[in-house]
Amino acid sequence: MRYEAKEDYHSALEIYESILEEDETNAHVLKRRLVCLKAQNRINDYVRELNEYLKLFQADHEAWLELCDTYLNEMDFAKAAFCLEELILMYPHNHVYQQRYADIKYTQGQFDLAKTYYLYSLKLNPNNVRSLYGLLLTTANLKSSQKTKEGSDNTKLNLWAREQIEKKYNDVDSDKNLIDSVNSLFQYLTIGKNEK
């Protein structure tokens, strides 16, 4: 780690390689090697090595999160979604993983699936404001593309999400300008209280 602090990654990697020759499953050394690759901005090597690491240590949720973030930075949403699917399988009651998965599905335009995961995230943690905003955006997009009974359900969910967000802002005694800004934003994100 002294070489890493000096940014002499070549020397650090040589030491790590010699340690791995004796014990190729040394998780700490494998992670240090990953850190060196990331610090050098060798993203392709980093992703390849991180995938190899996850073949050995499949239950390392921090590595899955790191790989997910890397794929998101590279805008590879399908692979990032896969990483979150693995995390959801390991920790199905983690509302943040559900919400992040919904965010990715929203970005990919899969609004029905995003709505499902935002709702589940809110079931696990009703105070997740980011999921409320996600539900608000998702139902607005779904309502604009559907003219069926599902459309009226989306209207109801949209209004419910708006009411919950307004309640959250009112509960924390936000300043008046912030509440006015949020309310003016709602006119663009909601379907409208009169539309049923």
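Refer to the preceding data block for the structure.
Conventions used here
- Residues numbered from 1 in each chain as written.
- Predicted model: local features only at pLDDT ≥ 70, side-chain atom pairs only at ≥ 80, totals over all residues.
- Heavy atoms only, no water.
- Helix = DSSP H or I, 4+ residues; strand = E, 2+ residues; numbered from the N terminus.
- Expected span 1.5 Å × (residues − 1).
- Buried < 20%, exposed > 50% of the residue type's maximum accessible area, 1.4 Å probe, protein only.
- Arc of directions from axis to C-beta.
- Phe/Tyr/Trp six-rings, centres within 6.5 Å; stacked < 30°, edge-to-face > 60°.
- Patch = residues over 30% accessible without salt bridge, like charges linked within 9 Å, V, L, I, M, F, W, Y side chains within 5 Å.
- Areas by Shrake-Rupley, 256 points an atom, 1.4 Å probe, with all protein chains shown as cover.
- Salt bridge = Lys/Arg side-chain N within 4 Å of Asp/Glu carboxyl O.
- Lys, Arg positive; Asp, Glu negative; His and termini not counted.
- Charge placed at Lys NZ, Arg CZ, Asp CG, Glu CD.
- Contact = heavy atoms within 4.5 Å.
- Polar contact = N/O pair within 3.5 Å; in protein donor to acceptor, adjacent residues only side chain to side chain.

## Notes on helix H8 (residues 111-124)
Phase 1 of the analysis: Its 14 residues place the ends of H8 20 Å apart at the C-alpha level, agreeing with the 20 Å of an ideal helix rising 1.5 Å per residue.
Phase 2 of the analysis: Among the residues of H8, Ala-114, Lys-115, Tyr-118, Ser-121 and Leu-122 are the ones counted as buried. When H8 is viewed along its axis, its buried side chains cluster within an angular range of 125 degrees and face the same direction.

## Thoughts on the packing of aromatic side chains
Phase 1 of the analysis: Going through the model one piece at a time under the given rule, you end up with five aromatic pairs.
Phase 2 of the analysis: With 4.6 Å between their ring centres and 70 degrees between their planes, Tyr-101 and Tyr-117 make a pair best called edge-to-face. Within this pair, whereas Tyr-101 is found in helix H7 (residues 95-107), its partner Tyr-117 is found in helix H8, the two being separated by 16 residues in sequence.
Phase 3 of the analysis: We classify Tyr-117 as partly exposed; its relative accessible area is 24%.

## Structural notes on a negative patch on the surface
Phase 1 of the analysis: Taken together, the side chains of Glu-21, Glu-22, Asp-23 and Glu-24 make up a negatively charged region of the molecular surface.
Phase 2 of the analysis: When you line up the elements, Glu-21 lands in helix H2 (residues 9-22).
Phase 3 of the analysis: In this structure Glu-21 comes out as exposed when scored by relative accessible area, which is 70%.

## Here's the deal with the environment of Gln-58
Phase 1 of the analysis: Secondary-structure assignment places Gln-58 in the loop between helix H4 (43-56) and helix H5 (61-73).
Phase 2 of the analysis: For Gln-58, a relative accessible area of 54% gives the class exposed.
Phase 3 of the analysis: With 28 residues separating them along the chain, Gln-58 and Glu-86 place their C-alpha atoms 9.1 Å apart.

## Here we look at the environment of Lys-168
Phase 1 of the analysis: With respect to the secondary-structure elements, Lys-168 resides in helix H10 (residues 149-171).
Phase 2 of the analysis: Using a relative accessible area of 22% as the deciding quantity, one classes Lys-168 as partly exposed.
Phase 3 of the analysis: The spatial distance from the C-alpha of Lys-168 to the C-alpha of Asn-127 is 8.4 Å, given a sequence separation of 41 residues.
Phase 4 of the analysis: The contact partners of Lys-168, leaving out residues within four places of it in the chain, are Pro-126, Asn-127, Val-129 and Leu-132.
Phase 5 of the analysis: Here Asn-127 takes part through its side chain, which lies 3.0 Å from a polar atom of the side chain of Lys-168.

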